There are 2 protein chains.
Amino acid sequence: MALSDLQTLNRNEDGIQTAISVLKQQFGEQLKTSQAYLEQHAHTMTYIPSQLPDAVVFARTTQDVQDIVRVCADYKVPIIPFGTGTSLEGGVNAPAGGISIDLNEMNKVLSVNVDDLDCVVQPGVTRETLNEYLRGSGLFFPIDPGANASLGGMAATRASGTNTVRYGTMRENVVTMTVVMPDGRAVKTASRTRKTSAGYDLTKLMVGSEGTLGIITELTLRLHGIPDQISAGICQFETIENACNACILAMQVGLPLARIELLDSLQVEMVNQYSGLTHDPKPTLFLEFHGTEAGVNEQIEIFTEIANDFGGGNIQWEQTTEARNKLWKARHDAYYAMLAWRKGCNGIATDACVPISRLAECLSETQKDAQELDLVAPIVGHVGDGNFHITPLVMMDDADEVARAEEFIERLNMRAIAMEGTCTGEHGIGQGKRRFLRLEHGVGADIMASIKKAIDPDNIMNPGKVVGYSE
Amino acid sequence: MALSDLQTLNRNEDGIQTAISVLKQQFGEQLKTSQAYLEQHAHTMTYIPSQLPDAVVFARTTQDVQDIVRVCADYKVPIIPFGTGTSLEGGVNAPAGGISIDLNEMNKVLSVNVDDLDCVVQPGVTRETLNEYLRGSGLFFPIDPGANASLGGMAATRASGTNTVRYGTMRENVVTMTVVMPDGRAVKTASRTRKTSAGYDLTKLMVGSEGTLGIITELTLRLHGIPDQISAGICQFETIENACNACILAMQVGLPLARIELLDSLQVEMVNQYSGLTHDPKPTLFLEFHGTEAGVNEQIEIFTEIANDFGGGNIQWEQTTEARNKLWKARHDAYYAMLAWRKGCNGIATDACVPISRLAECLSETQKDAQELDLVAPIVGHVGDGNFHITPLVMMDDADEVARAEEFIERLNMRAIAMEGTCTGEHGIGQGKRRFLRLEHGVGADIMASIKKAIDPDNIMNPGKVVGYSE
C-alpha cells in the first residue's frame, strides 16, 4: 500500500495547455480552472494526498463528453471522470494532471421500464436520487455503498453494499451502458436483454474499469420489486467464529438473506458510545429479510434455529420502517463512531474479501495482527459476501503508527489473497492498491494491461489507476 | 446468416504440418489424424457444413494444453477447443484447419466446497455428470442447455437454459476459471470470492468468448441448494400475448419463478403427436416453482390469480419427481417432435432475445413472417428471459425454401436488434451469426476486435469465430 508513497507521472505540459485553450473556446463557462474547482475535484476522502487536475469541464450530454475526449485525444491529455468524488482509493486524483470531466449535470432519470424491471439513467444520478424517483413505482435499486455515490461512479468501481448478498453488486445490476471510448466514439456495450451470448461481454469489462477504458455516459440498471414484508433483527454471539458459522449455514440452507452485517465487539462499543446505545459489546449480526409475510416469517424461524445452534442470543424482529431504521442506526453510524472514538485520527479503509468458509479464520488472524501491531481497528463486515472492512484508526503525524498500519494492511491483503480472496471486494484498485492487484492477479494483470493498451494506446483515460502499461 | 455461404480462411499449410510433427513427438497416441477422428471433431449438429481440423490432441492436464498451445503459437497454427461438439453455430469448425484440442479426458470434479456453495471442475465434466456427482450433497448446478454439454463449452458460449430466469446464465455462475492464453501462459481469471473490485473482469471477458481468447482448463462454479419443494404445472392461454403478459406480471410482483417456458400452439400439436399427449393446441406455459413448502404454495396461489386475469386455464400442480418429469416431457421432446413432424427436414436453430416487454410483439410479428414466407416454424421460449427459439423446419435441398428461411432469419434477428434485443440469447455467435454481431454491436464489434487482436495477435485461437480482425 505504502500510505506515504504516491506515484506522480510525467506531465504533458504543452498538450495540457493547448487542450485547455481549445476546450475553453468550445465550452466557455462549462470549463473551470480556478483553484477552488480544481481542489474540489481531487477530494479523495482518504489518507491519499490530493493531486489536482488542470481544468474541470462540466459535461451536459454524451456529445459533450465525446467532444472533450476528442480534444484530449488530439493532444494526448489525461482525462479523469468525476462523479461525487467519494472514491476511497484515489480514483479522482490526477497524477499526471489533465482534464477532470464532471458528470454531475448529467443527472436525469431518462426512463423507467416497469415491465422489464429496468431504468435508464445518466451517470450523475445518485443512488438516493434514483430511489426517490422510483417512489410509488413499487420498484427500487438495491446497491447501497456507504456514500450516496453517483451511479456512473458506482458502475466504474463495481460497487456493492449491505444487500449485495441478496441482490448482487453493480456487476449483476448493470444491463448495458453507453461509454465514450478514448478515441471519442460512443459505444453501447450490450442489448437491453436479461441475457445475451453476442460476443465479448463489454458491459462487464467496463463495469469496474474505474474510468481507465472509457467514460460512462448512460446506464441501464436492473430494478427490483419492493418486498411486501421487511423484517430486521440483531443477533449477538460469543465469538466471531460462531457469528460466521451461523451465516454460512443460513446461506447453505438457501435462506435468501437480504442483509447480514457483522460488527465486532470493538465496533459495538464504539457505536454504543457514539449513538447512546446499550448493545452488549459482543460480535453482533444485523439481519434483514425480504419477502412475503409468510416467507419472511419462515425465514425468521429458520434463522432463529440456526442462530440458537451457534449460541446466538434472542433476536427481536422489527417490521415497521421506524423501528428498522432505529435498529440499523448502529450499523450506519459505524464510520462516524470510529472517527469519534479516536479524535483526530484517519480511518484507513480496507475491504479484503475471502470465500466465506475462510472468513472467521481471516477475521481472527487479522484481529491478532491489530493487537500485535498495537492498532485500534474495528470491524464491520458484509459477512454473507465474505467481505469486511477493518479500519485502522491512525494518527497520520505519528510515523511509527503509520508504518505499523502499512504493515497491517500488507499482512491483511496478502492473507486474503493467500486464502483465494481479493484485496478489494468493493472499493476498487485506484491508486492505493495497484501493487496488490499485481500480487493478486499475476499473469492476469499483464492481460489487463494489454487490454488497457489496446483500448487506450495513449494512456489518456484516468492514467495511474488500476493497471498501467507505460508507467 | 447466409445458410449456404460458409467462410473459408487461408491455411498455413507448412505451419500446420510442422506443428503436427512436433506435437506427435510430444503427445504420441494422444494425437490423432485419422479421418474418423477429424470428422468427429467437426460435427456441428446443424445445417453448417463441417470443416475438419488437421489433427486432434486429447489433453489430460492444463500443462498439456499449455504445451499444445505453445507449439501452435510457435508455428502460428489455429487451435480449436472441443468439448461435446454440441455448438449450434459452428463453434468447433476449423475454417483454416489446425489442431482440435479435445478436453473430454479432463473430466474430474476436483472439489466441492459446501460452505462456499461452489465447486472446482475440469472443463470436460458435463452438466449431468456434475449433478450426478453432487447427489446427496443437497446442492445442484442449475444451468441446463438442451445438450448435456461440457461445462467448459457452456462457459465458452455463455450458455443458459430453462431455469436461467431464476438462477442466471453461465455469466452469473462461473466464479473463476483457469484459462490458457494464446502464448501458453495459464491465468487464473479472479479470486474465489462472491465479489471483487480488483481490476478488469477477466472471468466475464472469457465467459462467452467461444475459445477465441483462450482455452478454459478449470472452472469454479456456483452451486445452489436443492429446494425443499418443487412444483410444476402447465397453464394454457388463448393467445401468446396473454401468456407473455402473465409472465411479465409474475416477474413484476417478484415471483421467484424457477422455470417459465412457452410452447406455441404449433409446437404443442407436434409434441402431442410425437409423445402421444393430449394437450389443447394452444399457447402453453410450463412452470416450475422452487422453495419451501409454504413458499411454493404461496407462489402457486399468486401465479394462479395472475394467470386467471389473463384467461389462463386451470393449472394442475405436480410435486413428485415422477409426475413432474411426465409433465416436462412435452417440453423436453420439443426438438425431436419437430424433426419428426417433417421427415427429412433440418431445424434451423435461432435464439433471438428481447426485453420481455417486447416479447409478445416480437413473437407475433415473427409468426406472421413464417406464414408469409410459407415456413413451418414452431416456437419454444424461455419467456422469463425474453429469449425464444423459433425453428424453421427446412428441406435443405429445396433452394427456394432455404432462401425463404434465410430471409426469415434475417428479419427475425434484425427485428430483435431493433427492439433493443440480441440475435443470440444463449447459442453464441460462432460462424453463423458473425454478420449480425456487427449489426448489433456497431462500434462495440470494433472494440471486441481490438481486444481479440491484443490478446491473440496471431489469430490462432478458434479463428473465424465471433469477431475477426484480419479476415
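Bear in mind the structure is a predicted one, so any value in this text is a computation, not a measurement.

Q: What's the story with the overall build of chain A in this structure? I'm lost.
A: When its secondary structure is counted, chain A shows 17 helices and 19 strands. The C-alpha atoms of chain A give 22 Å as radius of gyration, which agrees with the globular expectation for 471 residues (23 Å, within 12%). Taking the principal axes of its C-alpha atoms as reference, chain A extends roughly 65 × 60 × 40 Å. The buried share among the 471 residues of chain A stands at 58%. Contacts in chain A between residues at least 24 apart in sequence constitute 72% of all its contacts with a sequence separation of at least 6.

Q: What should I look at first to understand the packing of helix H1 (residues 13-27) of chain A against helix H3 (residues 62-74) of chain A in this one?
A: Between two packed helices, the angle of one axis relative to the other and the distance separating the axes together describe the packing. Residue and element names in this part refer to chain A. The N-to-C vectors of H1 and H3 enclose an angle of 155°; their axes lie 9 Å apart at closest approach. Classified by the angle their axes make, H1 and H3 are roughly antiparallel. Considering how the two elements wind past one another, H1 and H3 form a crossing that is right-handed. Where H1 abuts H3, its residues Ala19, Val22, Leu23 and Gln26 lie against Asp67, Ile68, Val71 and Cys72. Across the contact of H1 with H3, the residue classes break down as 6 nonpolar, 1 polar and 1 charged.

Q: Help me understand the domain arrangement of chain A, please; the structure alone is not making it clear to me.
A: Many structure descriptions define interface size as the accessible area lost when the parts assemble. Residues and elements named next belong to chain A. Assigned domains of chain A: these are domain 1 (13-104), domain 2 (109-225), domain 3 (229-337) and domain 4 (342-432). For domain 2 versus domain 3, the distance between C-alpha centres works out to 29 Å. Residue-level contacts link 5 residues of domain 2 with 8 residues of domain 3. A class-by-class count of the residues in the side of domain 2 that touches domain 3 yields 1 nonpolar, 3 polar and 1 charged.

Q: Help me understand helix H15 (residues 399-418) of chain A in this model?
A: Every α-helical turn comprises 3.6 residues, leaving residues that sit three or four positions apart pointing alike. All names here are of chain A. With 20 residues, H15 extends 28 Å from end C-alpha to end C-alpha; this agrees with the ideal 28 Å at 1.5 Å per step. Restricting attention to buried positions, one finds in H15 the residues Ala405, Phe408, Ile409, Leu412, Asn413 and Ala416. Take H15 and look down its axis: the buried residues cluster within an arc of 120°, on one side only. For H15, the exposed residues set more than 90 degrees away from the buried face come down to Ala399, Asp400 and Ala418. Immediately beyond the C-terminal end of H15, within one or two residues, lies Glu420, with a positive phi of roughly 65°.

Q: How should I be thinking about the interface of chain B and chain A in this particular structure?
A: Counting from both sides, the interface comprises 78 residues of chain B and, opposite them, 78 residues of chain A. Elements with a minimum of two residues in the side of chain B that touches chain A: helix H7 (170-173), strand E9 (186-188), helix H8 (202-206), helix H9 (240-252), helix H11 (293-309), helix H16 (434-441) and helix H17 (443-455) of chain B. No other element matches the 10 residues that H17(B) contributes to the side of chain B that touches chain A.

Q: Just checking my understanding: could you explain the relation of the copies chain B and chain A for this structure?
A: Two copies of one chain are present, and they are related through a rotation about an axis combined with an axial shift. The operation relating chain B to chain A is a screw motion whose rotation component is 180°, with 0.0 Å of axial translation and a residual RMSD of 0.0 Å. Such a combination of turn and shift is consistent with a two-fold rotation axis. A share of 100% of the interface residues of chain B reappears at the interface of chain A, consistent with the copies meeting face to face through the same patch.

Q: Looking at this structure, I do not really get the environment of Val253(B). What am I missing?
A: Position of Val253(B) among the secondary structure elements: in the loop between H9 and strand E13 (257-263). On the basis of neighbour count, Val253(B) is assigned to the partly exposed category, with 15 C-beta atoms found within 10 Å. Along the backbone, Val253(B) and Phe303(B) are 50 residues apart, and their C-alpha atoms lie at a distance of 9.9 Å. With sequence-adjacent residues up to four places away left out, Val253(B) is seen in contact with Gly225(A) and Ile302(B).

Q: Mind showing me how you'd approach the pairing of strand E17 (residues 379-382) of chain B here?
A: The two faces of a sheet get side chains in turn, since along a regular strand they alternate between them. Residues and elements named next belong to chain B. Covered by surrounding structure in E17 are Ile379 and Gly381 together with Val380 and His382, the residues of both alternating faces. The sheet contact formed by E13 and E17 spans 3 bridges and is antiparallel. When the sheet's bridge partners are listed, Leu263 is paired in E17 with Val380. The pairing of E17 with strand E18 (residues 387-390) spans 4 bridges and is antiparallel. Within the sheet, the bridge partner assigned to Ile379 lies in E18 and is Ile390. Between E17 and E18, which pair antiparallel in sequence order, lie 4 residues; one of them, Gly386, sits at a positive phi of approximately 75°.

Q: When you look at the confidence of the model for chain A in this model, what are you seeing that I'm missing?
A: When pLDDT is low, close inspection of the predicted coordinates is not appropriate. Residues with a pLDDT of 70 or more make up 97% of chain A, whose mean pLDDT is 94. For this predicted complex, the interface confidence comes out at an ipTM of 0.96, alongside a pTM of 0.97.

Q: Please clarify how helix H1 (residues 13-27) of chain B should be interpreted in this entry.
A: All names here are of chain B. Along its 15 residues, H1 runs 21 Å from first to last C-alpha, staying within 8% of the 21 Å computed at 1.5 Å per residue. Considered for burial, the residues of H1 that qualify are Ile16, Ala19, Ile20 and Leu23. Each buried residue of H1 lies within a common arc of 105° when the element is viewed along its axis, so the set occupies one face. Among the exposed residues of H1, those oriented more than 90 degrees off its buried face are Asp14, Ser21 and Gln25. Of the surrounding elements, those touching the buried residues of H1 are strand E1 (31-32), strand E2 (55-58), helix H3 (62-74) and strand E4 (99-102). Within two residues after H1, Gly28 carries a phi angle of roughly 50°, on the positive side.

Definitions and limits used
Residues numbered from 1 in each chain as written. Chains lettered and ligands numbered in written order. Predicted model: local features only at pLDDT ≥ 70, side-chain atom pairs only at ≥ 80, totals over all residues. Helix = DSSP H or I, 4+ residues; strand = E, 2+ residues; numbered from the N terminus. Rg over C-alpha atoms; globule rule 2.2 N^0.38 Å. Buried ≥ 20, exposed ≤ 12 C-beta atoms within 10 Å, placed from the backbone. Contact = placed C-beta atoms within 7 Å. Axes fitted to C-alpha atoms, helices over the stretch in contact; angles between N-to-C directions. Parallel < 35°, antiparallel > 145°, perpendicular 65-115°, else oblique. Left-handed = near helix turned anticlockwise from the far one by under 90°. Nonpolar A, V, L, I, M, F, W, Y, C, P; charged D, E, K, R; others polar. Domains from an automatic or database assignment. Expected span 1.5 Å × (residues − 1). Arc of directions from axis to C-beta. Least-squares fit on C-alpha atoms with pLDDT ≥ 70 in both. Pairing = 2+ DSSP bridges. pLDDT = per-residue confidence, 0-100.

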